[in-house]
Amino acid sequence: MFLFLVVALAVVVGAVTLAVVGGGDNGPLPEASPERLRDPLPPDRPVDRADVEGLRFPLAARGYRMADVDDALSRLGAELAERDARIADLESALAGARSAPGRGPQPTGENHVSMDKPAPRPEDRP
């Protein structure tokens, strides 16, 4: 019985060795490429809410791939900074237009246009 187990073990070890060493045309398994972000943020247009809601990061050994998350966050940060700068420019242009004299009605009431019907003048009376 012991001799049978030794022979069976030798056959199994030999078969595994032949399978690993002489793997034929395929050889050993190739290295698996790491999973990458499937739907990155669009590079040709500004990011909108649907892009952010649809963003899904692939899972890695300890959560998410840090490079993918860092890329997405830096892109979103850059776009938010650009939008904030644009909003600040537009607000300063609006404030400049409101403070310039002769540029239309002022919201402070100084150049308030009355919507009341004017009183009749004496020369207009019959």
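Owing to the predicted nature of the structure, the values given are computational and were not obtained by experimental measurement.

## So, the overall build of the protein chain
For step 1, the next point in the chain: In terms of regular secondary structure, the protein chain is built from 3 helices and 2 strands.
For step 2, the next point in the chain: Within the protein chain, buried positions represent 9% of all 126 residues.
For step 3, the next point in the chain: Put simply, 43% of the contacts in the protein chain that link residues at least 6 apart link residues at least 24 apart.
For step 4, the next point in the chain: Summing over all exposed atoms, the protein chain offers an accessible surface of approximately 11,300 Å²; the carbon and sulfur share of this is 62%.

## Structural notes on the pattern of salt bridges
For step 1, the next point in the chain: Applying the stated criterion to the full structure yields 6 salt bridges.
For step 2, the next point in the chain: A salt bridge links Glu-53 to Arg-49, with the nearest nitrogen and oxygen atoms 2.7 Å apart. Highlighted residues: Glu-53 and Arg-49, both in helix α2 (residues 49-53), separated by 4 residues, approximately one helical turn.
For step 3, the next point in the chain: A relative accessible area of 44% places Glu-53 in the partly exposed class.
For step 4, the next point in the chain: For Arg-49, a relative accessible area of 67% gives the class exposed.
For step 5, the next point in the chain: A salt bridge links Asp-68 to Arg-65, with the nearest nitrogen and oxygen atoms 3.7 Å apart.
For step 6, the next point in the chain: A single salt-bridge network, built from bridges that share partners, covers Arg-45, Asp-48 and Asp-51.

## Section: the confidence of the model for the protein chain
For step 1, the next point in the chain: Chain-level pLDDT for the protein chain is 77 on average; 67% of the residues reach the 70-or-more range.
For step 2, the next point in the chain: Taken element by element, the predicted model of the protein chain shows its lowest mean pLDDT in strand β1 (residues 59-60) (76) and its highest in helix α3 (residues 66-99) (90).

## Topic: a nonpolar patch on the surface
For step 1, the next point in the chain: On the surface, a cluster of nonpolar side chains totalling about 390 Å² of accessible area is made up of Val-12, Val-16, Val-20 and Val-21.
For step 2, the next point in the chain: Along the chain, Val-20 turns up in helix α1 (residues 2-21).

## Considering α3
For step 1, the next point in the chain: Helix length check: α3 (34 residues) gives 49 Å between terminal C-alpha atoms against 50 Å at 1.5 Å per residue, within 8%.
For step 2, the next point in the chain: Listing the buried residues of α3 in full gives Asp-68, Ala-72 and Glu-79.

## Brief notes about the packing of aromatic side chains
For step 1, the next point in the chain: The full count for this structure, using the stated rule, is 1 aromatic pair.
For step 2, the next point in the chain: With a centroid separation of 5.9 Å and 65 degrees between ring planes, the pair formed by Phe-57 and Tyr-64 is classed as edge-to-face.
For step 3, the next point in the chain: Using a relative accessible area of 23% as the deciding quantity, one classes Phe-57 as partly exposed.

## Details of the side chain of Glu-79
For step 1, the next point in the chain: Positionally, Glu-79 belongs in helix α3.
For step 2, the next point in the chain: Judged by its relative accessible area of 12%, Glu-79 falls in the buried class.
For step 3, the next point in the chain: Those residues in contact with Glu-79 that lie beyond four places of it in its chain are Arg-45, Pro-46 and Val-47.

## Topic: the environment of Ala-60
For step 1, the next point in the chain: As for its placement among the helices and strands, Ala-60 is situated in strand β1.
For step 2, the next point in the chain: Counting along the chain gives 24 residues from Ala-60 to Arg-36, while the straight-line C-alpha distance between them is 9.7 Å.

## With respect to the environment of Arg-45
For step 1, the next point in the chain: Relative to the helices and strands, Arg-45 resides in the loop between α1 and α2.
For step 2, the next point in the chain: Judged by its relative accessible area of 38%, Arg-45 falls in the partly exposed class.
For step 3, the next point in the chain: Polar contacts involving the side chain of Arg-45 include one to the side chain of Asp-51, which spans 2.8 Å.

Cut-off values and rules
- Residues numbered from 1 in each chain as written.
- Predicted model: local features only at pLDDT ≥ 70, side-chain atom pairs only at ≥ 80, totals over all residues.
- Heavy atoms only, no water.
- Helix = DSSP H or I, 4+ residues; strand = E, 2+ residues; numbered from the N terminus.
- Buried < 20%, exposed > 50% of the residue type's maximum accessible area, 1.4 Å probe, protein only.
- Contact = heavy atoms within 4.5 Å.
- Areas by Shrake-Rupley, 256 points an atom, 1.4 Å probe, with all protein chains shown as cover.
- Salt bridge = Lys/Arg side-chain N within 4 Å of Asp/Glu carboxyl O.
- pLDDT = per-residue confidence, 0-100.
- Patch = residues over 30% accessible without salt bridge, like charges linked within 9 Å, V, L, I, M, F, W, Y side chains within 5 Å.
- Expected span 1.5 Å × (residues − 1).
- Phe/Tyr/Trp six-rings, centres within 6.5 Å; stacked < 30°, edge-to-face > 60°.
- Polar contact = N/O pair within 3.5 Å; in protein donor to acceptor, adjacent residues only side chain to side chain.

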